[in-house]
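Architecture at a glance
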Amino acid sequence: MSVTEEFLAHNEVYASTFDGLLPLPPARGTAVVACMDARLNPYGILGLAQGGRACHQERRGVVTEDVVRSLAISQRLLGEREIALIHHTDCGMVTFSDDAFRQGIEKETGIRPPWSAEAFPDAADDVRQPLRRVPSSPFIPHTGQVRGFVFDVATGRLDEVV
């Protein structure tokens, strides 16, 4: 059985106890931008039930143009007013450099990628970038409550970045 087949089997169990349609606007009014690392479960980390908030999980929690678009939709159409940014310790993005990664791809394919992987040496320092980027976006109207955190994958604790 493939992993996707296992997912479908688990979905059957999930659907059998599903309580029905959840309300569209996120109940807590807070958007979460978190890394897509499998060790992060934003629902569990933050104590939220399904439907409690909008979560945008991106590679390393970077605030890309697509995330800005999602945050603009979340705030302008779904009533969210707060944003939480979550990176984590022991991130794979600290294990390489952008240039070496691009060079490896170019060597393998003959094409140098036009995008950056956006590797970084320190998670806390990397959270500070979107803490500056989000409030400066003209598309995100509510930036008074933007906070950043580093999730410690060894302890399960969130440490706020200031």
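The structure reproduced in this document is the subject of the present report. (Residues numbered from 1 in each chain as written. Predicted model: local features only at pLDDT ≥ 70, side-chain atom pairs only at ≥ 80, totals over all residues. Heavy atoms only, no water.)

**Remarks on helix α5 (residues 123-136)**
In this model α5 runs 21 Å from its N-terminal to its C-terminal C-alpha over 14 residues, within 8% of the 20 Å that 1.5 Å per residue would give. Every buried residue of α5 is accounted for by Ala123, Asp126, Val127, Pro130, Leu131 and Val134. Taken down its axis, α5 places every buried residue within 155° of arc, on the same side. Relative to its buried face, α5 has exposed residues pointing more than 90 degrees away, namely Arg132 and Ser136. Contacts from the buried residues of α5 go to α3 (65-78), β3 (82-88), β4 (146-151) and β5 (158-161). Capping the start of α5 is the job of one residue whose side-chain oxygen sits 3.3 Å from the backbone nitrogen of Ala124: Asp122. (Helix = DSSP H or I, 4+ residues; strand = E, 2+ residues; numbered from the N terminus. Expected span 1.5 Å × (residues − 1). Buried < 20%, exposed > 50% of the residue type's maximum accessible area, 1.4 Å probe, protein only. Arc of directions from axis to C-beta. Contact = heavy atoms within 4.5 Å. Polar contact = N/O pair within 3.5 Å; in protein donor to acceptor, adjacent residues only side chain to side chain.)

**Focus on unusual backbone geometry**
A positive phi is found at Asp90, a non-glycine position, where the angle reads about 55°. For Asp90, the position within the fold is in the loop between β3 and α4 (98-109). What makes Asp90 exposed here is its relative accessible area of 58%. With a phi angle near 60°, Glu118 is a residue other than glycine that sits in the positive phi range. Structurally, Glu118 is set in the loop between α4 and α5. By relative accessible area, Glu118 is classed as partly exposed at 24%.

**Description of the environment of Gly144**
Topologically, Gly144 is positioned in the loop between α5 and β4. Spatially, the C-alpha atom of Gly144 lies 8.3 Å from that of Arg81, the residues being 63 residues apart in sequence.

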